[in-house]
Each structure stands twice: as structure tokens, then as C-alpha cells.
Amino acid sequence: MSLELSVVVLAAGMGTRMKSALPKVMHKVAGKPMVNHVIDAAAKLDAVKTMVVVGPDMPKLVEAVAPHPTFEQTDRLGTAHAVLAAKDGLLGLTGNVLVLYADSPLFTAETLKRLVDAREEGDHSVAVLGFRPDDPTGYGRLVTDAKTGMLTAIVEDKECDDAQRLINFCNSGVMCFRAEDMIATLEAIDNTNAKGEYYLTDAVEVARNNGKSCVAVEVDEAETLGVNSRPQLAAAEAILQDRLRITAMNEGATLIDPASVFLSADTKLGRDVIVEPNVVFGPGVTVGDNTVIKAFSHLESCVVGQGADIGPYARLRPGSEIGDGAKVGNFVEIKKAVIEDGAKVNHLSYIGDARVGAKANIGAGTITCNYDGYRKQHTDIGAGAFIGSNSSLVAPVEIGDGAIVGAGSTVTGKIDKDALVLTRAERTEKPGWAAAFRDKMRALTGKK
Ligand code: UD1
Ligand code: MG
């Protein structure tokens, strides 16, 4: 690829079969809207301009694709009409223009590059990505010249004659155009066909009639999956998860049971990370080398350092930063908190809006009471501090380095460095009271 590349993403469909208030292409796979998968794949090819064709009244979609410009297609008159909705953005482009469907999130950058390269190589007017499904029904058929193998036409399913219907080489929908020809080609397309639509696929015939060549490039069917329904969304998710798991393993992470680990498109796992079964990585997670994520943990928008020990059953919520060698154990929830190097929060705790200094130890059942019903307040725990089990730290709290909080304390305000704080009620002991109580109750009730 040496010429410039621009991209038009078709995202105008509402996707009625999704039965959703969201535009179809806003539905997520691997934690990212489908439309952004498509845009990000094109970005890997250094696209100079990406334009998105949207339907009327889709503000969330416009926001999700920003800063890329959007063009509204008001009436859905066909795929050629949809691309021409972006005509103002196409004017004056040179090189390649790739047309992608926003509801087809599985095409890889490598595949798109192969298509663009093939177009450039022969300076073809149009290049089309084709695939060979078992059942070609419903797809446009790619008609190729028996001698040269060149693409001569795309015939939509509804327009096929009996012989064409048997062709199993099909249009995936991804097409690459020679930018300089594109507008004239699209404007020559009419809608005299079975559906009364302006078919983008007719561009091949138009180009050929103008003496220009077209080419088809084959792609594996698995990449071509388009999502029209929730079962298809789940199918796309499954394919993407498999790819992400393989990539994570090839980059040096061990997934003990890959099929039970769910990753996001942007999950970053370091080398020699071990992920036990049933772990979910939401968007925005980075895990450093040699860290173990034990079973049934859930992480999102957080950074975990090296050699840390997370879980089992840990929940790391957005804004958590876990330092090198730190431990976050079972039934611990961390939110917007920094757990510094070597600190331990091993059991049954909630730490939110806080800093836990290096090597501090947080006892079982410790809770940061960070919310007063109106405001979130901060808890600061110094390095090497020891917080006894079942303590409630009522923020704002500032605990000095090396301080000790006795178990069961409810603490607020400031505690000096190396101090001990205890807020336990004083102990009362009445010798023999329990036995006397039982004797009395047995006599009263007659129960043994
Ligand atoms: C299209 C292709 C067909 C190909 C198939 C692959 C045409 C004419 N046909 O058929 O050759 O095999 O995809 O899945 O292109 N869209 C708009 N505005 C419109 C019409 C469509 O934005 O006016 C968008 C849709 O939201 C969708 C994409 O374009 O994302 C394809 O449209 P669709 O109606 O699914 O085309 P198919 O009939 O499936
Ligand atoms: Mg379709």
C-alpha cells in the first residue's frame, strides 16, 4: 500500500431485528461498539480520513465515532445511495477508498490491507472481498471471467438467473475503490432492479462498461459475519473472544481454561501472567508481568502491576491501580483506589476512593466508608500501616505511616504516624452469668 487510503463506514441501519433502542452498530463485542471495531481496523492501515454514514437521529452513534465526520442518509435507498451520502467528503480524494459495513466487526486489518494492495497493484477501479459460504443464498454473487479470473459483475441474489444462483463466490460487502473514479461510478448507478435500490455492487458493471478492470480477493468466511440479530451478536463475540484469547496466549499469558476467560478488545496482559478459569476483563485493563489473576475475578478500567496476586473472587472497579507485588484477595472490592507496592488487602474488604501505602496491611472486613449520601471522600493510609480486621474508616481519614488501627475500630479524621488507635468499647465480664441465665430460663420455660 503506497497510495492514500480513505474509508466510508456504512452505519445507517437501525437494525430492527435487534429489538433495541440503540442503533445496531452501537452494540458491543469484546467491550467495544461494533462500529469502533471497524473504524479501528481501518485506522491500523493509516487511513487519512474516515467518514461514517449514519441514519437520522442517532446522536449516540455520532458521539461514539467522533472526531470522525458523519453524514446522514435520510432515506435508505440502497448501499450506493448510502455511500453517496458522504459525497462531500469524497470530493477530491486520491488513492483508495474502502467501503465497510459497521455491522461486520470481524474483518482484520491484514485482510483489508490485502484488498487495498490488490486494487493498487493492478490499478483496478474496484476491488471486492469475496468468500465461499456453504449456502450462498441472500448474498451478491461474484461473477469472474473464466480465462482471466477478473471480476466482471456482482449479481444480487434477487437478480440471479439459474446459473448465477449456483455460484458460491459471494460479496462480503467490503469494497475498495479507485478514489478518482468513485463518484462518477456511483452516480451512474440506477435503481432499476428487483428491490428498486441503488446497489453499490453495480459499480463493477459500470466500471467495466467504462473499460476499467475490477478484481476479487478471497477471505475466510469467519471474518465476514454480519450482525443483524442478538444470536449473531453472540456469534461475533465468540469468534472475537477466541481470537483475543489466542493473541493473549501467544504474547505470553497462560489462560488455564481459555474458554471461560472473557477479554476486551483492549485488554493488555503481560508476560507470564496466569489467568485462572472464569475471569472477566472489562474494557481498559492492563496487567503487568508475572501477576496471577485467580478464578472468578472481575476487572475493569484498572492497572495491575507486576507480580501481583488478585483473587479468587476479587473485583477491581474503574480507577483501581494495584502496585507491584500487591495482594487483593477473596471477596475484596477496590474502586478508584491506589494499592501501592506490596500492600495487602486479603479478605472481605471494600476499598474505595483511597490510597493504601506500600506494604500496608488491611485486615479482613475493613471498609472505607467513602460516601455520606452526598459526597465521596478520600481515605489515605500510609506506608506500612496496619488496619485491624473489621475496621470502618469513615472518610475523610488520614492514617500516618506505620500506624496501627485496632480491630473493630470505627475511625475518622487523622491518625499520627506510628500511633495506635482503638475505638473498641470497654470489655465487661460477669463470671458465671451465662450458666445462671440458662438455669433460670430452663426453670421458667421447662425446656432442656
Ligand atoms: C449487501 C450486498 C451483497 C452482499 C451482502 C453481504 C448490495 C446491494 N448488496 O446485501 O452483495 O453479499 O451485503 O452482507 O450492496 N445500508 C445503508 N443504507 C442503505 C442500505 C444499506 O446504510 O440504504 C447499510 C446497512 O445498514 C448494512 C449494509 O449497508 O450495514 C448492507 O446493507 P444490507 O441491506 O444488509 O445489504 P444486503 O442486502 O445484505
Ligand atoms: Mg445484509
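Within any chain, residue numbers begin from 1 and follow the written order of that chain's sequence. Numbering of ligands from 1 and lettering of chains from A proceed in the order in which they are written. Only residues with pLDDT of at least 70 get local features here, since the model is predicted, and only at 80 or more are side-chain atom pairs given and counted; chain-wide, interface and lining totals rely on the full set of residues. Note that water and hydrogens are dropped before the side-chain values are worked out from all heavy atoms of the structure.

Draft legend 1. Region of interest: helix α5 (residues 109-121). Strands here are runs of E lasting at least two residues and helices are runs of H or I lasting at least four, both read from the DSSP assignment and numbered beginning at the N terminus. The span you would expect from a helix comes to 1.5 Å times its residue count less one. When the terminal C-alpha atoms of α5 are compared, their 18 Å separation across 13 residues agrees well with the 18 Å that a helix rising 1.5 Å per residue should span. Within the span of α5, buried status applies to A109, T111, L112, L115, V116, D117, A118, R119 and E120. In this structure, the buried side of α5 is in contact with β1 (5-11), α1 (34-43), β6 (96-101), β7 (126-131), β10 (170-178) and β11 (214-218). Just beyond α5, the residue with positive phi is D123, at close to 45 degrees. Throughout, exposure labels follow a simple rule: accessible area from a 1.4 Å probe, protein chains only, divided by the maximum for the residue type, with under 20% read as buried, over 50% as exposed, and the rest as partly exposed. The contact definition used throughout considers only heavy atoms, calling two residues in contact when any of these lie within 4.5 Å.

Draft legend 2. Geometry of empty space enclosed by the protein. A pocket here means an open set of points on a 1 Å grid, computed over the protein atoms alone, that has protein on both sides within 12 Å along at least five of seven lines. A cavity is instead a set of points where a 1.4 Å probe fits but cannot get out; residues with an atom within 4 Å of a point line either one. Grid points are joined across faces, edges and corners, and a volume is the space filled by probe spheres set on the points. For the coordinates displayed, the defined rule picks out one cavity of 30 Å³ or more. Empty space within the largest cavity amounts to approximately 50 Å³. Forming the boundary of the largest cavity are V38, A41, L100, Y101, S104, P105, L106, F107 and L112. Looking at the lining of the largest cavity, the elements with two or more residues in it are α1 and β6.

Draft legend 3. How the structure looks around the layout of surface pockets. When its volume is computed, the largest pocket comes out at roughly 1300 Å³. Contributing to the lining of the largest pocket are 42 residues, with R76, T79, Y101, D103 and N228 lying nearest its centre. Of the residues forming the lining of the largest pocket, the biggest block, three residues, is contributed by β10. We call Asp, Glu, Lys and Arg charged. Ala, Val, Leu, Ile, Met, Phe, Trp, Tyr, Cys and Pro are nonpolar, and the rest, Gly among them, are polar. Taken together, the residues that form the lining of the largest pocket break down as 15 nonpolar, 18 polar and nine charged. The computed volume of the second largest pocket comes to approximately 610 Å³. As for the second largest pocket, its lining consists of 22 residues, and the residues nearest its centre are K44, L240, L244, T247 and A265. Counting residues per element, the ones that place at least two in the lining of the second largest pocket are α1, α5, α9 (230-250) and β14 (268-269). The element best represented in the lining of the second largest pocket is α9, accounting for five residues. For the lining of the second largest pocket, the residue count by class is ten nonpolar, five polar and seven charged.

Draft legend 4. Molecular detail of the side chain of T50. Of note, T50 is situated in strand β4 (residues 49-54). Setting aside its immediate chain neighbours within four residues, T50 contacts V7, V9, I39, H68 and P69.

Draft legend 5. Region of the structure containing the environment of K414. Relative to the elements of secondary structure, K414 occurs in strand β34 (residues 410-415). The class of K414 is exposed, set by a relative accessible area of 60%. Note: C-alpha distance between K414 and E276 (138 residues apart in sequence) is 40 Å.

Draft legend 6. Local environment of a negative patch on the surface. A cluster of acidic residues, D134, D135, D220 and E221, forms a negative patch on the protein surface. Position of D135 relative to the elements: it lies in the loop between β7 and β8 (141-144). Patch membership needs two things, relative accessible area over 30% and no salt bridge, and members are linked within 9 Å if like-charged or within 5 Å if nonpolar (Val, Leu, Ile, Met, Phe, Trp, Tyr). Accessible areas in this description were obtained via Shrake-Rupley with a 1.4 Å probe; residue shielding takes into account the shown protein chains only. For this document, the term salt bridge refers to a Lys or Arg side-chain nitrogen within 4 Å of an Asp or Glu carboxyl oxygen. In summary, the charge assignment counts Lys and Arg as positive and Asp and Glu as negative, without counting His or the chain termini. Lys charges are placed at NZ, Arg charges at CZ, Asp charges at CG and Glu charges at CD.

Draft legend 7. View of the nonpolar core. Working definition of a nonpolar core: buried Ala, Val, Leu, Ile, Met, Phe, Trp, Tyr and Cys residues. They are joined through side-chain atoms within 4.5 Å. If you look at the biggest cluster of nonpolar residues, it comprises 55 residues, and the most contacted ones within it are F281 and I399. Sequence-distant contacts of I399, that is, excluding residues within four places in its chain, are made with D380, I381, G382, A385, I387, L393, V405 and I415. Counting residues in hydrophobic clusters, the runner-up holds 35 residues, among them L45, V65, L115 and V174.

Draft legend 8. Region of interest: the environment of A383. Locating A383 in the fold gives a position in the loop between β30 (379-381) and β31 (386-387). Through-space distance from the C-alpha of A383 to that of I399 is 9.2 Å; in sequence the pair is 16 residues apart. Contact partners of A383, with chain neighbours within four places excluded, come to G357, A358, D401 and G402.

Draft legend 9. Representation of the sheet that holds strand β28 (residues 361-362) in the model. Two strands pair if DSSP finds at least two bridges between them. Here we have ten strands laid out as an open sheet, ordered β12-β15-β18-β21-β24-β26-β28-β31-β33-β35, and parallel in their pairing. If you trace the sheet from one side to the other, it starts and ends with β12 (254-255) and β35 (420-421), each paired once. Of the pairings in the sheet, the one linking strand β18 (residues 292-293) to strand β21 (residues 309-310) comprises two bridges and is parallel in character. Among the inter-strand pairings, I293 is bridged to a residue of β21, identified as I310.

Draft legend 10. Seen up close, the packing of aromatic side chains. Ring geometry is summarised as follows: Phe, Tyr and Trp rings, the Trp one being its six-membered ring, pair when their centres sit within 6.5 Å, and such pairs are stacked at plane angles under 30 degrees, edge-to-face over 60 and tilted between the two. In total, this model carries four aromatic pairs according to the counting rule given. Here F131 and Y139 contribute two aromatic rings whose centre-to-centre distance is 5.0 Å and whose plane-to-plane angle is 85 degrees, an arrangement assigned as edge-to-face. When its relative accessible area of 1% is taken as the criterion, F131 is described as buried. Both rings, one in F296 and one in Y313, keep their centres 5.0 Å apart while their planes meet at 5 degrees; by these two values the pair is stacked.

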